[in-house]
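Chain by chain, the residues run as shown.
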Amino acid sequence: MLRSLYSGISGLSSHQTMLDVTGNNIANVNTAGFKGSSVRFQDSLSQLMAGAGTPADQVGGTNPAQVGLGVQIAAVQTNFAQGSAQTTGRAGDLMIAGDGFFAVRAGGETLYTRAGGFSFDAAGKMVTADGGIVQGWVAGQGGVNTGQAPVNIVLPQDAVSAAQATTTAAVTGNLPSSATVGDEIVRDITVYDAEGVASSLSLTFTRTATGWDVADAGSGATGSLTFTDGIQNGGLTLTAGGVAVDLSSVTGYADLKTVAITEQDGSAAGTLQAYGITKDGSVIGTFSNGRTEVLAKIAMATFANPEGLEKAGSTAYRVSVNSGAAQIGEPGQAGFGGLVSGALEMSNVDLSQEFTNLIIAQRGFQANARIITTSDEVLQELTQLKR
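Conventions we followed
Every chain's residues receive numbers from 1 upward, in the order its sequence appears when written. Note on the predicted model: pLDDT of at least 70 is required for a residue's local features to be given, and 80 or more for side-chain atom pairs to be given and counted; whole-chain, interface and lining totals, by contrast, use all residues. Side-chain measures were taken over the full set of non-hydrogen atoms in the model, leaving aside hydrogen atoms and water. Note on terminology: a nonpolar core comprises buried Ala, Val, Leu, Ile, Met, Phe, Trp, Tyr and Cys residues joined through side-chain atoms within 4.5 Å. Working definition: with a 1.4 Å probe on protein chains only, accessible area under 20% of the residue-type maximum means buried, over 50% means exposed, and in between means partly exposed. What counts as a helix is a DSSP run of H or I of at least four residues, what counts as a strand is a run of E of at least two, and both are numbered from the N terminus. Two strands pair if DSSP finds at least two bridges between them. Fitting a line to C-alpha atoms yields each axis, with helices limited to the stretch in contact; the angle taken between N-to-C directions then spans 0 to 180 degrees. We define a salt bridge as a side-chain nitrogen of Lys or Arg found within 4 Å of a carboxyl oxygen belonging to Asp or Glu.

Colleague: Break down the nonpolar core for me, with residues and values.
Modeller: Among the nonpolar cores identified, the biggest contains 24 residues, and Val 171, Leu 175, Leu 201, Leu 203, Phe 205, Val 245 and Leu 247 are the most heavily contacted of them. Broken down by secondary-structure element, the contributors of at least two residues to this core are strand E14 (168-172), strand E15 (184-192), strand E16 (198-207), strand E17 (212-216), strand E21 (237-240) and strand E22 (243-246). Val 104, Phe 118, Leu 155 and Ala 296 belong to the second-largest nonpolar core, a separate cluster that totals 21 residues.

What follows is the structure, given as structure tokens:
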């Protein structure tokens, strides 16, 4: 049989594969985190018709004569170039800006994906659209320990921000030097004990001939403030009921009566109200008491050879023998991309290039089909030699 028949068949098969890959790229043009692929061809083995000849004194050398036996697929390569950002404004949508993959646990194995459309299920687990559980580190008593192996990220629905006792407070503003001796100004603020029980810290400022006296009626603590040209002489810290009240920022200019207790570091216990994710992968919880705490951190993975990963469906990949083991780290570290919250990475498929590839594959398929029809005509001529 003619070798050209089998060469044409191999060409049809290879170009059909190119059409399949191109069609899959176009089908996933709007799939978040999808990475397009391309086909690489190589020739098959060649049949040796005559070997090479060695040069001699009276005759030159001859080159080998070989006939190729068709084409085959050398590789289907994945293009891991960065896709463009699609802004969603949704807190659970994350885009990796740079290298790396999210690690998710699904079907008893760890898979890796660039698609960052996450949400929390009824059990508080951070999951992908198809139920894969996002891997990372959950905060414990000592905070987030990223030195441990990643685990499922779970946010308890009844998460509580512990109460914090007030230990410091600050007073700012101005005490009017134009006030009459004996005038009083009372300022108060809510403070908390270790159990979150609220009480009031009240300071009374009394004008004296030399400045202002300050007193806390609850604890009996007192102090004095003096000023030179409106600037306080030294700094006063008043310990009132276990709270160190810093008054060093108070000024003493005329007329302005703006003195106030502006801040304190205590709080009551609070319940989880909302969450957000920062570019370093920290899941920040906002509580009803106004405090924010790091609840978890998302893990990322990189590979020595990302193109060696095996596609596992659902825009996910699994480790292969040629990808290298997953290297786990934190977003934003050296070698790991940062995260963009409220955005998704779009497919990196270039439609103009894919449609061009369709034309190339179609013409290649037609040309190889012509090889087969031409070879068939030659065979037909051979069978008609004997009539």
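Colleague: Just give me the short version of the sheet that holds strand E23 (residues 260-264), but keep the residues and values in it.
Modeller: The 4 strands lie next to each other as E21-E22-E14-E23, forming an open sheet whose pairing is mixed. Only two strands of the sheet have a single neighbouring strand rather than two, namely E21 and E23. On average, each strand axis in the sheet is tilted by 25 degrees relative to the strand beside it, whichever way the strands run. Note that E21 and E22 share 4 bridges and pair antiparallel. Following the sheet pairing, Leu 238 is matched in E22 by Val 245.

Colleague: Account for the pattern of salt bridges, with residues named and values stated.
Modeller: Pairs can form between side chains of opposite charge whenever their charged atoms are close. Going through the model one piece at a time under the given rule, you end up with 8 salt bridges. The residue Lys 35 makes a salt bridge to Glu 345 at a minimum N-O spacing of 2.5 Å. A residue pair is termed long-range when its members are at least 10 positions apart, and Lys 35 in the loop between helix H1 (3-27) and strand E1 (37-43) and Glu 345 in strand E32 (residues 343-345) qualify at 310 residues. Each of the two residues, Lys 35 as well as Glu 345, counts as buried. The salt bridge partner of Asp 280 is Lys 297, with a shortest N-O separation of 3.7 Å. One end of the pair, Asp 280, is in the loop between strand E24 (270-277) and strand E25 (282-287); the other, Lys 297, is in strand E26 (residues 292-298), with 17 residues separating them in the sequence.

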